[in-house]
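# Chains, contacts and geometry: an overview
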Amino acid sequence: MLTVVPDPADGDRPTADGPISTSLIDEIVREGARRMLAEALKAEVDAYIAAFADQRDENGRRLVVRNGYHQPREVLTAAGAIEVRAPRINDKRTDEPTGERKRFSSAILPPWARKTPKVTEVLPLLYLHGLSSGDFVPALGQFLGSTSGLSAPVITRLTEQWKAEQRAFAARDLSNVDYVYLWADGIHVNVRLEEQRLWCLLVMIGVRADGRKELIALADGYRESTESWADLLRDCKRRGMRAPVLAVGDGALGFWAALGEVFPQARAQRCWFHKIANVLGALPKSAQPGAKKALAEIWNAEDKDHALAAVTAFQAAYGAKYGKAVAKVVDDLDELLAFYDFPAEHWVHLRTTNPIESTFATVRHRTKVTKGPGSRAAGLAMAFKLIESAQARWRAVNAPHLVALVRAGATFINGRLVERPDDQPSPAAA
């Protein structure tokens, strides 16, 4: 079990009441954050009171007035633990339909909030990095300067809540949403599992017809087997998912066989990020810089014709000595260049599985192995919360209005929309 132990050398020294921080810069940051929060809360309250300044009772007194402060409370933030005294409002107005008193609710500091959403987002990441619920308290205490509001039971309660959210997500109806593009990847995470060690997260992210990216499915599987992927795709289809127009993934996945079985009409695009790594792995180090540049000439070409010319040049330069490396490109050429048949604005999104790679980068690159009685259900729930947090920051694809045209079957040649495809000369005639 990975355990976090406070290090006195880090600037904390014990006192009769426990360790206190001696870092002046941390104290300055926390004090600045406290003052900024206090000013923001005051401005929010002042604006609320000003909005209803004209509403008065039969005696001419205002119905919405200041009423001192709430009791101070400590809130965990990314800047550390901050003591907050929120202004209080006396709102004497009543809601006519219900007859109940109206209440002011701060958008900045919700009632009973003890930690910010950003702190909550850290918890799934810590779990996937090998910390048990009992380790969270000292770990976050060292980082935030306080353990107020955190305890093993609190973490356990959150974990159970996240498990329920993940199960609801996995059972939701997919018939009312259309995913035109799809990225798929298998993520191997060193979670401390009690059942088996060959645990893999199967992740699918899609692009809706309006251009927004969204998590489609997250499941656990045995390695990245065809059957595991097929089970996930069948489940999505059973819940109403349509076949994507284009699916992007690693060439080594069992995903492709499963996709051909469940959604045979979907086209395939192999991830260039993985392909480049595979090709360079088949070359000596001395040849890798030049080969990497030559491969960039292919995937970054201005159109498909130039890409094919770059493939020919790559084959001529490396085919004689490194036939195995060249075959990795030539044998998958149709799948590697499929993105050229889609809008040029979307090429940057379709060449790789980057939405999945970037989300799991900090977890996937972890090498230290930890041991302990973890569970697949908890690991799956933590991964779900990690993606859910990241999803809020995903931006739509470039030129989102073109996604609907792709679903409608519009023809794109070298990335440009063709209004009358039948009038275009064939490549042979050209």
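A quick note: this is a predicted structure, and the numbers were derived from the prediction, not measured.

On inspection of all chains with the given rule, the structure shows 11 aromatic pairs. Consider the rings of tyrosine 48 and phenylalanine 52, whose centres lie 5.1 Å apart with planes at 65°: the pair is edge-to-face. An identical accessibility class is assigned to tyrosine 48 and phenylalanine 52; each is buried. Plain terms: the ring middles of phenylalanine 314 and tyrosine 318 are 5.2 Å apart, the flat faces sit at 40° to each other, and that makes the pair tilted. Of this pair, phenylalanine 314 and tyrosine 318 both sit in helix α9 (residues 304-318), four residues apart, which is roughly one turn of that helix. Overall, the relative accessible area of 2% leaves phenylalanine 314 in the buried class. Judged by its relative accessible area of 14%, tyrosine 318 falls in the buried class. An aromatic cluster is defined as three or more aromatic residues linked by ring pairs; in this entry it consists of Tyr48, Phe52 and Phe104.

On to the packing of α9 against helix α10 (residues 323-330), then. Packing of α9 against α10 brings their axes to within 9 Å, and their N-to-C directions diverge by 165°. By the angle between their axes, α9 is roughly antiparallel relative to α10. Once α9 is placed against α10, the crossing between them reads as left-handed. Only Gly323, Val326, Val329 and Val330 of α10 make contact with α9, whose side of the interface consists of Phe314, Gln315 and Tyr318. For the contact of α9 with α10, a count of residues per class yields five nonpolar, two polar and no charged.

Looking now at the nonpolar core. The biggest cluster of nonpolar side chains holds 53 residues, and the ones touching the most others in it are Val203, Ile298, Phe314 and Phe360. With residues up to four places along the chain from it excluded, the contact list for phenylalanine 360 reads Ile187, Leu201, Val203, Ala383, Leu386 and Ile387. With 27 residues, the next largest nonpolar core counts Ile216, Cys236, Leu259 and Phe263 among its residues.

For the rest of this paragraph, the subject is helix α6 (residues 255-262). Phe255, Trp256, Ala258, Leu259 and Val262 are the residues of α6 that are buried. In an axial view of α6, the angular spread of the buried residues amounts to 160°, which keeps them on one side of the axis.

What follows covers the packing of helix α7 (residues 272-281) against α10. Contact geometry of α7 with α10 gives a least axis separation of 8 Å together with a crossing angle of 165°. With respect to α10, the element α7 is oriented roughly antiparallel. Regarding α7 and α10, the two cross each other, and that crossing is right-handed. Of the residues in α10, those in contact with Lys275, Asn278 and Val279 of α7 are Ala325, Lys328 and Val329. Across the contact of α7 with α10, the residue classes tally to three nonpolar, one polar and two charged.

A separate point is the pattern of salt bridges. Oppositely charged side chains can form a pair if their charged atoms are brought close together. This model, assessed by the stated rule, comprises 19 salt bridges. In this structure, aspartate 210 engages arginine 208 in a salt bridge whose closest nitrogen and oxygen atoms are separated by 3.9 Å. The partly exposed category is assigned to aspartate 210, whose relative accessible area is 38%. With a shortest N-O distance of 3.0 Å, arginine 239 and aspartate 235 are connected by a salt bridge.

This part takes up the confidence of the model for the protein chain. A residue-level look at the protein chain finds 72% of positions with pLDDT of 70 or above and a mean pLDDT of 80. Contacts for the low-pLDDT stretch residues 365-373, under 50 throughout, to residues beyond four places or in other chains number 22 contacts.

At alanine 399, a position not held by glycine, the phi torsion is positive, near 45°. On the secondary structure map, alanine 399 appears in the loop between α15 (376-391) and α16 (401-407). Classification of alanine 399 as buried rests on a relative accessible area of 18%. Positive phi is not limited to glycine here, since asparagine 414 has a value of about 50°. The residue asparagine 414 is located in the loop between β12 (411-413) and β13 (416-418) in this model.

Thresholds, definitions, all that
Going along each chain's sequence as written, the residues are numbered from 1 onward. In keeping with the predicted nature of the model, local features appear solely for residues at pLDDT of at least 70, side-chain atom pairs appear and are counted solely at 80 or more, and the whole-chain, interface and lining totals rest on all residues. Note that the side-chain values use all heavy atoms of the structure and ignore hydrogens as well as water. Under the pairing criterion, centres of Phe, Tyr and Trp rings, with the six-membered ring standing for Trp, must be within 6.5 Å; the plane angle then separates stacked pairs below 30 degrees from edge-to-face pairs above 60, leaving the rest tilted. Three exposure classes are used, based on accessible area relative to the maximum for each residue type with a 1.4 Å probe and protein chains only: buried under 20%, partly exposed in between, and exposed over 50%. Secondary structure is summarised from DSSP: a helix means a run of H or I of at least four residues, a strand means a run of E of at least two, and numbering begins at the N terminus for each. Interaxial angles span 0 to 180 degrees and are taken between N-to-C directions of axes, which are lines fitted to C-alpha atoms, for helices over the stretch in contact. Just so you know how the angles are binned, under 35 degrees is roughly parallel, over 145 roughly antiparallel, 65 to 115 roughly perpendicular, and the rest oblique. Rotating anticlockwise by less than a right angle from the far helix to the near helix defines a left-handed crossing, while the corresponding clockwise rotation defines a right-handed one. Here, two residues are considered to be in contact whenever any of their heavy atoms come within 4.5 Å of each other. All amino acids are sorted into three groups, where Ala, Val, Leu, Ile, Met, Phe, Trp, Tyr, Cys and Pro are nonpolar, Asp, Glu, Lys and Arg are charged, and the leftover types, Gly among them, are polar. Throughout, nonpolar core names a set of buried Ala, Val, Leu, Ile, Met, Phe, Trp, Tyr and Cys residues whose side chains join them through atoms within 4.5 Å. Working definition: the arc comes from the directions between the helix axis and the C-beta atoms, pointing outward to the latter. Should a side-chain nitrogen of Lys or Arg be within 4 Å of a carboxyl oxygen of Asp or Glu, the pair is scored as a salt bridge. A score from 0 to 100, pLDDT tells how confident the predictor is in each residue.

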